[in-house]
Amino acid sequence: RLLPDLPDGRLTDGVVTLRRLGPDDVDVMYRLHTRPEVVANQAPPVPPTRAAVERRCLLAESAWLTGAIARLLIVDAVTGEPAGSCGLSLSDPVAGEGSVGYALLPDQRGRGLATRAVRLLAGWAFGPAGIARLVAGTVPDNTDSHGVLERVGFRREGLLLGRLPGLAGSRTDDLVFGLLPDELR
Ligand SMILES: CC(C)(COP(=O)(O)OP(=O)(O)OC[C@H]1O[C@@H](n2cnc3c(N)ncnc32)[C@H](O)[C@@H]1OP(=O)(O)O)[C@@H](O)C(=O)NCCC(=O)NCCS
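Here goes a summary of the coordinates provided. (Residues numbered from 1 in each chain as written. Predicted model: local features only at pLDDT ≥ 70, side-chain atom pairs only at ≥ 80, totals over all residues. Heavy atoms only, no water.)

## A short note on the site of the ligand
What counts is decided by this rule: Being near a molecule or strand, for a residue, means having at least one of its heavy atoms within 4 Å of it. A 3.5 Å cut-off defines polar contacts: any pair of N or O atoms within that distance qualifies, except that in protein one atom must be a possible hydrogen donor and the other a possible acceptor, and neighbouring residues in sequence count only when both atoms are side-chain atoms. Method for areas: the Shrake-Rupley scheme with a 1.4 Å probe, in which residue coverage is limited to the protein chains shown. Runs of E in the DSSP output that reach at least two residues are strands. Runs of H or I that reach at least four are helices, and both are numbered from the N terminus. All residues other than Ala, Val, Leu, Ile, Met, Phe, Trp, Tyr, Cys, Pro, Asp, Glu, Lys and Arg, Gly among them, are scored as polar; the first ten of these are nonpolar and the last four charged.
By nearness alone, 20 residues border the ligand, and Y102, G110, A114, T115 and N142 come closest of all. At 3.2 Å from an oxygen atom of the ligand is found a side-chain nitrogen or oxygen belonging to R151. Considering the ligand on its own, with 940 Å² of exposed area, one finds that the protein chains cover 69% of that surface. Among the elements of the structure, helix 2 (36-39), strand 5 (97-104), helix 5 (113-126), strand 6 (133-138) and helix 6 (143-152) are those that each provide at least two residues to the shell around the ligand. Of all the elements, helix 6 adds the most residues to the shell around the ligand, at four residues. Here the shell around the ligand is composed, by residue class, of seven nonpolar, eight polar and five charged.

## Things to note about the packing of aromatic side chains
Where we set the bar: Two aromatic rings, drawn from Phe, Tyr or Trp (for Trp, its six-membered ring), form a pair once their centres lie within 6.5 Å of each other, and the interplanar angle then sorts them: stacked below 30 degrees, edge-to-face above 60, tilted otherwise. Each ring is checked for a lysine NZ or an arginine CZ that lies within 6 Å of its centre and within 35 degrees of its normal; such an atom marks a charge sitting over the ring.
Using the criterion set out here, one finds one aromatic pair in the structure. For the pair W64 and W124, a centre-to-centre distance of 5.7 Å together with 55° between the ring planes defines the contact as tilted. One end of the pair, W64, is in helix 4 (residues 60-65); the other, W124, is in helix 5, with 60 residues separating them in the sequence. Across the ring face of Y30, the terminal group of R50 is positioned such that the distance to the ring centre comes to 5.5 Å.

## Focus: the nonpolar core
The cut-off we apply is this: In this text, buried Ala, Val, Leu, Ile, Met, Phe, Trp, Tyr and Cys residues form a nonpolar core when linked through side-chain atoms within 4.5 Å. Exposure classes here rest on a 1.4 Å probe applied to the protein chains alone. A residue is buried below 20% of its type maximum, exposed above 50%, and partly exposed in between. Contact between two residues is taken to exist if any of their heavy atoms lie within 4.5 Å; hydrogens are not considered.
Formed by 36 residues in total, the largest nonpolar core has its most connected members in L18, L88, W124, L134 and F154. Looking at this core, the elements with two or more residues in it are strand 2 (16-20), strand 3 (69-76), strand 4 (82-92), strand 5, helix 5, strand 6, helix 6 and strand 8 (171-179). The dominant element in this core, judged by the number of residues it contributes, is helix 5, at ten residues. Contact partners of F154, with chain neighbours within four places excluded, come to V100, V118, L134, V135, A136, L149, F177, G178 and L179. Formed by 13 residues, the second largest nonpolar core is a distinct cluster that contains M29, L32, C57 and L73.

## Quick word on unusual backbone geometry
Note that the residue after A43, namely P44, is joined by a cis bond; omega there is -10°. Its location among the elements puts P44 in the loop between helix 2 and helix 3 (50-58). In this model, D8 sits at a positive phi of 60°, which is unusual for a non-glycine residue. The residue D8 is located in the segment before strand 1 (10-12) in this model. For D8, a relative accessible area of 78% translates into the label exposed.

Quick look at the structure:
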């Protein structure tokens with residue numbers, strides 16, 4: 001298994017809990033991933049259909065088993081309320097490189113939950129998943145996302161011009177951050 005199961009089925013620091021996405025998470029995932037600011041920070045910036053979100057949730061377990069991507073729900077560890085989602089994909093399995101992504105529901109922002117979630121995910125990636133290096137691609141003006149990455153220990157590695165598809169045939173730049181195991185905070 002390129003992506004092993006989570007220990008006891010979850011990762012937690014007592015404030016946030018990460019667990020595998022599943023078929024019951026369609027409503028919250030659709031609500032989150034059709035928000036304008038979430039759409040604007042993905043490539044291409046097009047909202048998913050409800051059918052696409054259903055497919056993502058239904059196939060989350062098999063995508064994890066095949067090692068394609070680990071998709072997780074971020075849950076408030078105290079209340080059990082969903083707070084957002086995150087994921088780890090094997091962007092370059094041969095080189096041991098993984099890529100992370102994340103988003104929070106608006107009313108869950110500003111409390112450090114994304115920072116906690118990415119920190120937990122990175123610890124699992126460098127530990128049980130045996131990943132050697134993590135990257136995160138960002139829209140260059142997404143300073144909230146850069147703050148999350150920098151609090152976890154990621155460094156800015158470079159601006160890749162026109163790397164990502166935009167709207168109507170345009171291209172957008174990708175500000176890439178990187179993290180090695182001994183840099184994780
Ligand atoms: C990116 C995103 C997840 C960041 O959310 P966020 O709430 O700013 O990030 P965190 O949960 O780490 O919280 C950090 C904020 O909480 C504050 N905070 C409060 N308590 C904190 C704690 N214990 N630890 C860390 N931060 C804390 C921080 O000061 C920071 O606020 P500031 O930016 O005003 O200084 C959110 O903006 C989002 O979902 N955006 C849309 C999707 C997106 O862009 N995803 C990333 C694609 S690359």
